[in-house]
Each structure stands twice: as structure tokens, then as C-alpha cells.
Amino acid sequence: MKKIMYIFLFLTSYIYSHELMLNVIENRDKTVTLIGGETIPGAMIRFESLQTGEVIFKQRLPKESEIIVSIPNEPYQIVLDRGPGEKVIKTGIFEKRDDEIKVKPEIKEKLTKPEHEVHEWDSFTLTFFLIIIVLLILTIYFSNKNSNKILKQLKNTQL
């Protein structure tokens, strides 16, 4: 039973291991360090203004997946874009830290929205897995039942 639990934990961690990650670290010299995951060199980093909706900064991540950029003088959001369905959005670090940055509705339309592809399973795949699970449960049940029969027969022959 423990082996099954370990396998299950390993598989679930493997499923989520391809999620995009972006770490934003504020430096003391009015710059910000952006660190992407190890699997995303070449992904596009963009700074989008929350006041105008325009792109302030745009650069691809190098092999090290780490870049240092000076902090813009206006509120912005950081977009990590790896392609269709793979976008991560973080709020940028801004020097004049107001309690809340208000973004106009027309600007919100221009800004990039976070995306993550949802991989839906079709009915054939779900049916297949359901059949496999039912067959596995039946195999365990009949194996247990037959093992008990064999054990009873062995006990009766030994007496």
C-alpha cells in the first residue's frame, strides 16, 4: 500500500512540474530581478503600463532564465509569455506605492490576461480509464477471493 501511495505522490508532483513560474525580486539599486523556471529560456518578458496599456519593456529570457531590469516610473504589470495558453501575470514593483492602483476599464481591455491551457479529456479517454479502474478492482477482488479459497483448502488438507 505504501508503494502505491509513493507512486501516486510522484505522479501528482510530475503532473504539476511544468507550471510556469516567475519570481520578482526588488533590488536596492532601483532595479528588479526576474527569475523564470529552468524550463523556460526564450520566453518573452513584457512590462505593460497600467496607465496607458502600452508595452514599456520587452525582452526574451536568456539561457539562465534571469534578467535584471530597471524599475519603470509608472505602475505596471509583468507578463511572462511562453506561447499560446501559457501566460503568467505579476504586479510590478513601483516606487510610489499607493494603497491601490486604479486601472481604467478601457486600459484593462488592452492589458494581457493570464492564460493556462486546460487540457480536457474526451469521453473516449474517460471511458477507457474507467474501464481500466473497474478491471483493476475486479482483479484485486477475485484474486483475494481465490487466495482465501486456496488457503482454506491448504488448512483442510493439513488437518
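Since the structure is predicted, the reported quantities are computational estimates derived from the model, not experimental observations.

A. Main features of the packing of aromatic side chains. Following the criterion strictly, the structure yields four aromatic pairs and no others. Residues Phe47 and Phe57 carry aromatic rings whose centres are separated by 5.3 Å and whose planes lie at 55° to one another, so their mutual orientation is tilted. Placement of the pair is Phe47 in strand E3 (residues 44–49) and Phe57 in strand E4 (residues 55–60), with a sequence separation of 10 residues. An angle of 65° between the planes, with centres 5.8 Å apart, marks the rings of Phe128 and Phe129 as edge-to-face. Residue Phe128 is classed as partly exposed on the basis of its relative accessible area, which comes to 43%. The exposure class assigned to Phe129 is partly exposed, which follows from its relative accessible area of 39%.

B. Fine view of the pattern of salt bridges. For the coordinates displayed, the defined rule picks out two salt bridges. The partner of Glu48 in a salt bridge is Arg46, and the shortest N-O contact between them spans 3.5 Å. Summarising the burial analysis for this pair, Glu48 and Arg46 share the class buried.

C. Spotlight on the nonpolar core. In this structure, Val32, Leu34, Ile45, Phe47 and Leu80 are the most contacted members of the largest nonpolar core, which totals 17 residues. Secondary-structure elements contributing two or more residues to this core are strand E2 (31–36), E3, strand E5 (66–70) and strand E6 (76–83). The greatest single-element share of this core, amounting to three residues, is contributed by E6. Excluding residues that lie within four positions of it along the chain, Phe47 makes contacts with Val32, Leu34, Glu54, Val55, Ile56, Phe57, Val69, Ser70, Pro72, Tyr76, Gln77 and Ile78.

D. Broad picture of the sheet that holds E2. In spatial order, the strands read E1-E2-E5; together these three strands make up an open sheet with antiparallel pairing. For this open sheet the edge positions go to strand E1 (22–26) and E5, each flanked by a neighbour on one side alone. Here the strands of the sheet are splayed against their neighbours by 20° on average, with no regard to which way each runs. Bridge count for E1 against E2 is five bridges, and the pairing is antiparallel. By the bridge assignment, Ile25 is partnered in E2 with Thr33.

E. Looking closely at the pairing of E3. Most of E3 sits inside the fold, with six of its six residues counted as buried. Where burial is concerned, the two faces of E3 agree: the one with Met44, Arg46 and Glu48 and the one with Ile45, Phe47 and Ser49 are both buried. Connecting E3 to the next strand, E4, in antiparallel fashion are five residues, including Gly53 with a positive phi near 85°. As defined by bridge partners, E3 adjoins E6 across six bridges and the pair is classed as antiparallel. Each bridged residue has a counterpart across the sheet, and for Glu48 the counterpart in E6 is Gln77.

F. Highlighting the pairing of E2. Burial analysis of E2 places five of its six residues in the buried class, the great majority of the element. As consecutive antiparallel partners, E1 and E2 are separated by four residues, and within that stretch Lys30 has a phi angle of approximately 60°, a positive value. Pairing geometry for E2 and E5, over five bridges, is antiparallel. Following the sheet pairing, Thr33 is matched in E5 by Ile68.

Cut-offs used in this document
Residues numbered from 1 in each chain as written. Predicted model: local features only at pLDDT ≥ 70, side-chain atom pairs only at ≥ 80, totals over all residues. Heavy atoms only, no water. Phe/Tyr/Trp six-rings, centres within 6.5 Å; stacked < 30°, edge-to-face > 60°. Helix = DSSP H or I, 4+ residues; strand = E, 2+ residues; numbered from the N terminus. Buried < 20%, exposed > 50% of the residue type's maximum accessible area, 1.4 Å probe, protein only. Salt bridge = Lys/Arg side-chain N within 4 Å of Asp/Glu carboxyl O. Core = buried A, V, L, I, M, F, W, Y, C linked by side-chain atoms within 4.5 Å. Contact = heavy atoms within 4.5 Å. Pairing = 2+ DSSP bridges. Axes fitted to C-alpha atoms, helices over the stretch in contact; angles between N-to-C directions.

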